[in-house]
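# Analysis of the macromolecular model
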Amino acid sequence: MKQLENAHAATFRAVRFVLTDMDETLTYQGKLAAATYQALEQLHHAGISVIPVTAAPAGWCDQMARMWPVAGVIGENGGLFYRRAQEGIARHYWHDAQAKLTPQLAHIIDDVKRQVPTATLADDQPFRLTSIAFSRTADDEQNAAIINCMRSHGASVTVNNLWLLGWLGGYDKLVMARKVLREHYNLDIDSDPDSVLYTGDSLNDAPMFAFFRHSVGVSTVLECLDALPQAPAWITRGPGGAGFVEAANALLASRAIKSTR
């Protein structure tokens, strides 16, 4: 990884989209700072489309899509995409028959609780539609038991700094981002990956770090760096939202150079 502050001013001039993790990338210690929200607004006003790509639940994503200066939100690690429409929110899901998943997910939850009685669902589980989230603990054996149980039901599993996440469908952040950008923004990231910059901090960001050349880890990514198959290209000095502000400023500086040509 290279320090983001050392990036040449023109490095990100081709970027038109910012995809970003939310928890501990836009937020820090669970809070969204005013400076981070201002950075989102500045990117929006500069004509750069920001799309949070998060493990956060559908309920949170609905609020973000309605009220934040973002083009849309990919949520539950790729299970859904919400964006503003003329009348309210347009909702798109990885699975066509979304309602059919509910009993399958409920069955997995019941089996995890049977096998690991001390397992605790994340307090945002009531707001989830496509995924399961158990609270991550300091007990590595318990975490492993929960993960193994979810996998025994054919679920995909990942971990971030808050949750042990499970879902059905074989997608991830990158797979859904590819689909959303192609279908809603006419961008093929396989032929034009440099149009996107990604910021993140955790293990479930691994597919994005591996794919995008313009990948930025906020400084807290150091906590999981040994477990990442590929490190992000750049790292910020600040953690969480402060790091995102650094990335936004670097991008806006590149945009300023582009506008003077």
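What comes next is a walk through the structure. (Residues numbered from 1 in each chain as written. Predicted model: local features only at pLDDT ≥ 70, side-chain atom pairs only at ≥ 80, totals over all residues. Heavy atoms only, no water.)

### Section: the layout of surface pockets
As a volume, the largest pocket reaches approximately 290 Å³. In terms of lining, the largest pocket is formed by 18 residues, of which the most central are D23, G30, W60, L162 and W163. Residue contributions to the lining of the largest pocket peak at three residues, all from helix α2 (residues 58-67). When the residues that make up the lining of the largest pocket are grouped by side-chain class, the tally is nine nonpolar, five polar and four charged. Considering only enclosed or pocket space, the second largest pocket measures out at about 220 Å³ in volume. In this structure, the second largest pocket is lined by E24, Y28, R136, N160, N161, D201, S202, L203, T220, E223, C224 and A227. Tallied by class, the residues present in the lining of the second largest pocket amount to four nonpolar, four polar and four charged. (1 Å grid on protein atoms, 1.4 Å probe; cavity = no way out; pocket = protein on both sides within 12 Å on 5 of 7 lines; lining within 4 Å. Points joined across faces, edges and corners; volume = space filled by probe spheres on them. Helix = DSSP H or I, 4+ residues; strand = E, 2+ residues; numbered from the N terminus. Nonpolar A, V, L, I, M, F, W, Y, C, P; charged D, E, K, R; others polar.)

### Brief notes about the environment of S219
Checked against the element boundaries, S219 lands in the loop between β11 (215-217) and β12 (234-235). C-alpha separation for the pair S219 and F244, spaced 25 residues apart in sequence, amounts to 9.8 Å. The residues touching S219, leaving out its near neighbours within four places in the chain, are I235, T236, R237, G238 and P239. Only 3.5 Å separates the side chain of S219 from the backbone oxygen of R237, close enough to count as a polar contact. (Contact = heavy atoms within 4.5 Å. Polar contact = N/O pair within 3.5 Å; in protein donor to acceptor, adjacent residues only side chain to side chain.)

### As for the nonpolar core
L4, F12, V18, L43 and F244 are the most contacted members of the largest nonpolar core, which has 33 residues in total. Taken together, the elements giving at least two residues each to this core come down to α1 (34-45), α2, β5 (80-84) and α7 (240-259). For this core, the element with the most residues is α7, which contributes seven residues. When residues no more than four places from it in sequence are discounted, the contact partners of L4 are F12, V216, W234, I235, T236, E246, A247 and A250. Formed by 23 residues, the second largest nonpolar core is a distinct cluster that contains I74, L174, L181 and A206. (Core = buried A, V, L, I, M, F, W, Y, C linked by side-chain atoms within 4.5 Å. Buried < 20%, exposed > 50% of the residue type's maximum accessible area, 1.4 Å probe, protein only.)

### A few points about the sheet that holds β5
Think of a sheet as strands paired side by side through backbone hydrogen bonds, with each pair either parallel or antiparallel. The strand order β4-β5-β6 describes an open sheet built from three strands, whose pairing is antiparallel. Of all strands in the sheet, those bounded by a partner on one side alone are β4 (73-75) and β6 (89-93). The mean angle between the axes of side-by-side strands here comes to 20 degrees, regardless of whether they run parallel or antiparallel. Pairing of β5 with β6, which is carried by five bridges, proceeds in the antiparallel orientation. Bridge assignment links F81 to a residue of β6, and that residue is H92. Packed onto the sheet, α2 meets β4, β5 and β6 and runs at close to 25 degrees relative to β5. Each of β4, β5 and β6 is contacted by helix α5 (residues 173-185), which is oriented at about 35 degrees to β5, the strand it contacts most. (Pairing = 2+ DSSP bridges. Axes fitted to C-alpha atoms, helices over the stretch in contact; angles between N-to-C directions.)

### Some remarks on the sheet that holds β12
With respect to topology, six strands assemble into an open sheet ordered β1-β12-β11-β10-β2-β3, the strand pairing being parallel. The two strands at the open ends of the sheet, each matched to only one other strand, are β1 (2-3) and β3 (49-52). Relative to β12, β11 is paired through two bridges, and the arrangement is parallel. Along β12, the bridge assignment pairs G217 with I235. Here α5 sits on the sheet in contact with β2 (17-20), β3 and β10 (196-200), set at roughly 150 degrees to β2.

### Digging into helix α3 (residues 101-115)
An α-helical turn contains 3.6 residues, so a residue and the one three or four places further along point in the same direction. Spanning 15 residues, α3 covers 21 Å between terminal C-alpha atoms, matching the ideal 21 Å at 1.5 Å per step. For α3, the full list of buried residues reads L101, L105, I108, I109, D111 and V112. When α3 is viewed along its axis, its buried side chains cluster within an angular range of 165 degrees and face the same direction. Turned more than 90 degrees away from the buried face of α3 sit P103 and R114, all of them exposed. If you follow the buried residues of α3, they end up packed against β7 (131-135) and α4 (140-152). (Expected span 1.5 Å × (residues − 1). Arc of directions from axis to C-beta.)

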